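So you can see what is in the structure, the chains are spelled out below.
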Amino acid sequence: MNNGKMMKMPMPSIDSVKVAVRVRPFSQREKNSGSKCVISMNSRTTTTIQDPKNPEHMKTFTFDLAYWSHNGFQKDKDGVLISADPSSKFAGQRDVFRDLGRGILDSAWQGYNATLLAYGQTGSGKSYSMIGFGANKGIIPNVCEELFQAIGNQERHQEYQVTFSMLEIYKEQIRDLLSRNKKPGGLKVREDQQLGFYVEGLTTVPCENYAQIERLMEQGTKIRTTASTNVNTSSSRSHMVITIQFKQVFLDRDLTKQSSINLVDLAGSERQKSSGSEGDRLKEGSRVNLSLTNLGNVISALADAAMGKKVLHIPYRDSVLTKLLQSALGGNSRTALIAAISPADICYEETLSTLRYAERAKKIRNKAVVNTWTLMRESRAENSKLLLRCGNYRMAEQSAFLLAEHELGTQANQVTWAHLLEQAQKEWEQQYSAIAQERQMTKTFPHLLNINEDPQLTGVLKYFIQAGSCDAGQAASNAIIIQGLGISDKHASFTNSDGKVTVVPHSKCKVVVNGVPITTRTRLQHLDRIFFGSNSAYLYMGFPAERGSEDLSRFDYEFFQMERAAAEGVSVDKLGAANSGDGKADPSVLAVFQDYIKLMPLVAEANQMSEELKKELKMELKVKNLASSDSRGYDLQKEVMVKVTNQRTHEVWIWSKTKFINRKFLMEELYQHFLDGEDSHVAQEDDPFWDPVEVVHLGSAHIWLQSLAYSMKFEEQVEFLNCDGLEEAVLHIYIAPCSPAGQAHSEEDVVIDPLEQLGKRIDFQIHIVRCLGVKWLKEDAKRGIQIGYRIYDLPNTIYTKPVWKIMNPQIEETVQFSALNASQEFLSYLQTNALIVDLWGLQEGCAELSCPQSDFMVTGEGPIMVDTKKISTVKDTRQTTSNQTSELYLKLLKLEQEKELLRNINRALREENVFLKESLEKLGSGQQAHKTSNSLKITGMTSLLPSAREINQMCTQQASCDREFAKALKVFYQSMNTARGQFLRLRQYKPPEDDQMLRPFVHQQSQMFKDFGDLLESSLWKLKNDVALIVKKKREYLLHIK
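Residues numbered from 1 in each chain as written. Predicted model: local features only at pLDDT ≥ 70, side-chain atom pairs only at ≥ 80, totals over all residues. Heavy atoms only, no water.

**Quick look at the sheet that holds strand E30 (residues 511–513)**
Next up, step 1: Within the open sheet, the 6 strands sit side by side as E25-E24-E34-E33-E30-E31. Their pairing is antiparallel. Both edges of this open sheet fall to strand E25 (462–464) and strand E31 (516–517), since each of them pairs with a single strand only.
Next up, step 2: As judged from the 4 bridges shared by strand E33 (residues 529–532) and strand E34 (residues 536–541), these two strands associate in the antiparallel manner. Opposite isoleucine 530, over in E34, you have tyrosine 538 as the bridge partner.
Next up, step 3: Helix H10 (residues 417–444) contacts strand E24 (447–451) and E25 of the sheet and is inclined by roughly 60° relative to E25.
Next up, step 4: Lying over the sheet, helix H11 (residues 557–567) contacts E24, E33 and E34, oriented at roughly 80° with respect to E33. (Pairing = 2+ DSSP bridges. Helix = DSSP H or I, 4+ residues; strand = E, 2+ residues; numbered from the N terminus. Contact = heavy atoms within 4.5 Å. Axes fitted to C-alpha atoms, helices over the stretch in contact; angles between N-to-C directions.)

Here it is in structure tokens:
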């Protein structure tokens, strides 16, 4: 440094990054969903994770420390979580601090730089470990408190200087959390040859005790909360960095030790799918997680270097975060990382990713040195003069309470430490006065407490409702200034009069109380939940007399969103979380419900941005496959999606969860430009609110194929059900068995046992007749539709031709299919599966759906071949060429034709045989007088055999019985198809939320169950009677023959 002489540089200490893993308890949501724990820790260093889909697959990781905080704990009298019994392996906050926090302090006292990083997905417990909650203080407050305790116990001839700074990194912009003035574009990162990267203009505050640091953290948290509400940005998507500069000055030795302590709470590490995999034309909104992604790249590169691999470049400069952490990763620092993980099976992928991340980090090697130097007395005296000379000038420009963070080695540009403390003390006194006033008002007046997704930011903001009337909104003239999406300048008015508080929204402003939107003056009760605008949530605290010892922690962000969802009619039951028989709801449905709740506020915010930016888009949450089932009737995997509608053009898009989240990030950037007064216009192809038109899936219909297994034709009108389980249209379809030439089979061709068709050729036609009452076309006459289906092992879907601008389109398309050698699997498929027919909505300018005929195998007559597994196997095993395969098909077809010809010949021969027997009988009676002796011989022989007439009668009777039995089966199967349709409709009906509608609903359900039962009973009764009649006739005939 230019004002001192550096001591001889000590040898660096080669240290690995110390890595700890901590598993938290189940959240309330995970408990409600019946989550299973997939994490185990059999020692203080090992962590094992079990794959919930494959329980035998387990992976064990070894780290420096493994903390089990999942269970085995209880609260002491102060509310601190401690071990429930001596045998419990529970690790509390003090245990974590003892291992990690004290290590940081020890390094700082020795003069080393020290860094602690907290990594993990949102909600995994990072902030709890770092900051803590309530009586359970985290690492950061414990480190600061013990630092000052240790300073108080040191010798007097030493001077200790502690400064504190706090910043946030969001979308690559740095926000100073100790300054109320937001700099456009954020603070800049600069580079110094000696100091490396630093933040220019960052506020650094001198502190004398832990209470001052506590106040600074509260102040920083309040600024962070206020900033997050402006555009509803989530704190889980930002990094928070606290830096404590600790300097030890040994006055008797002219020696100084300097340590920089960096405590970093990283953004949530959600493993979002690449937007490319979701088919999004726009780049991923990756600026949100750019820092985290680049941090992973830096860690991977450093881990590779530590393993001896050749690494050409460490990408420190690729993001703001990695620039500031350069010394912490592979540089001059002793570094520790705590990886926070969830124990729940539904978080398996995220947890495994976190453990792998931590495993890479532990390979990094740092080269930490003790930061010491000595100053020449002459230089120090000269610097003191310079400082006194320039001190007043510096103070005139800015408050002495604030100090630029980094010393660039020139003491002449700073005031003396004592002078700084003196100036800072005046600021502290003002702050203490404001804090005391706020505490007094909290005890006196009703007020609003903010509720944030991040528990650390909940309850930070307080808005007092004093006697009389006051306005709330964004305008600075309001008594209550509330920021956020959808909040007007004058949004609502509060009145505090006669021991009552009421609220009334202004004009069309959105105000929701306890989940219900209000439009008139409403009286507030203690602990009422209030939403302003799209998603600004507050808890109302009543008059002191109304308050008790309530546990406010249950009124968290999730509680607010669940209540809002319930009021809008969204519940686990509506999503179809039927009990699985063990009393627990379906975990997959509960996971979808969690996604739904999580996305609700995001969709509300996106709609508000669309409204303010005049994009005319309406977004609404839907559940894909909510009422859909597979071909066997089993529920399909459900997932949340977002339906996007342009209210002006009526264009519709369906966005996946991942695509919507990505788009919302980009919407926020555009909206921020709008708020900053910048030009928010973008080219259409870059607009996150726009997409090219696309084909939209409208619904599905199920046509059960059981009749086809018995070679019976059937014609049905079935409903297309949309994603909400409601009727979208009605499909008229006709399916009939036929000959290879396409001639329909008669009733005589009905089989009693489907196995009669095993190994035989089966031909059938699917005829799409028309589509009735298509809502998609009613909403906009310019639209069109297409219908698609795929049966059994077809490689691709068959689509009908598009039909445009017709309300009840007549389709009239027939496709013939052929199974040349019907397999057992194909016959089973016909008996147990349904043909799923999909209805697709077309929009002007979208690409129509098609599938080239070349994708299908066809017979010589043209029918599309199904049940081709055996043929494909032969093709694969013999590796025939395309010409040889075609020749094989032709031979097989010829054999089928010859077999059909032989059947016809056999049928003709049987008829001729009957005719010949009748002729023989007539001839025998005519020649009886002439050939008595011969006739006696013949009579003796034929008396042992039935006559030709009797044979004919027996054949006719057998055929008659078979026909009647086939007819009875046909009637029964048709009744069963009707019953199956009624049952599927019953499954889709959900009870109404309105209690007044519950009685009619129960009556309707009872009637439907009665009709369903009557249909089943009458169908079985008719089948029994028909079979009994057939058996009776057959027995009577047999007795007659005897």
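**Thoughts on the nonpolar core**
Next up, step 1: Core analysis: the largest hydrophobic core is formed by 50 residues, its most contacted members being Ile703, Leu731, Ile766, Ile791, Phe817 and Leu835.
Next up, step 2: In terms of residue count, strand E41 (residues 762–772) provides more of this core than any other element does, 5 residues in total.
Next up, step 3: Residues within four places of phenylalanine 817 in sequence aside, it is in contact with Ile762, Asp763, Phe764, Ile766, Tyr789, Ile791, Leu794, Ile798, Pro863, Ile864 and Val866. (Core = buried A, V, L, I, M, F, W, Y, C linked by side-chain atoms within 4.5 Å. Buried < 20%, exposed > 50% of the residue type's maximum accessible area, 1.4 Å probe, protein only.)

**What about helix H4 (residues 139–152)?**
Next up, step 1: Over its 14 residues, H4 extends 20 Å from the first C-alpha to the last, a length consistent with the 20 Å expected when each residue adds 1.5 Å.
Next up, step 2: Of all 14 residues making up H4, 11 are buried, and the element is well covered by its neighbours.
Next up, step 3: Listed as buried for H4 are Ile139, Ile140, Pro141, Asn142, Val143, Cys144, Glu146, Leu147, Phe148, Ala150 and Ile151. (Expected span 1.5 Å × (residues − 1).)

**A word on the packing of aromatic side chains**
Next up, step 1: Enumeration according to the criterion identifies 17 aromatic pairs in this entry.
Next up, step 2: Ring centres of tyrosine 463 and tyrosine 538 lie 5.8 Å apart, and the angle between their planes is 65°; on these two criteria the pair is classed as edge-to-face. One end of the pair, tyrosine 463, is in strand E25; the other, tyrosine 538, is in strand E34, and 75 residues separate them in sequence.
Next up, step 3: Tyrosine 463 sits in the buried class, given a relative accessible area of 16%.
Next up, step 4: Residue tyrosine 538 is classed as buried on the basis of its relative accessible area of 3%.
Next up, step 5: When the centroid spacing of 4.9 Å and the interplanar angle of 50° are considered together, the rings of tyrosine 792 and tyrosine 829 count as tilted. Linking tyrosine 792 in the loop between strand E42 (784–789) and strand E43 (798–799) with tyrosine 829 in helix H16 (residues 824–832), this pair joins segments that are 37 residues apart in sequence.
Next up, step 6: In this structure tyrosine 829 comes out as buried when scored by relative accessible area, which is 10%.
Next up, step 7: Linked through ring pairs, Tyr463, Phe494, Phe532 and Tyr538 together constitute an aromatic cluster.
Next up, step 8: Stacked on the ring of tyrosine 112, the Lys or Arg arginine 334 has its end atom at 3.8 Å from the ring centre.
Next up, step 9: Directly above the aromatic system of tryptophan 655 lies the positively charged group of arginine 663, at a separation of 5.0 Å from the ring centroid. (Phe/Tyr/Trp six-rings, centres within 6.5 Å; stacked < 30°, edge-to-face > 60°. Lys NZ or Arg CZ within 6 Å of the ring centre and 35° of its normal.)

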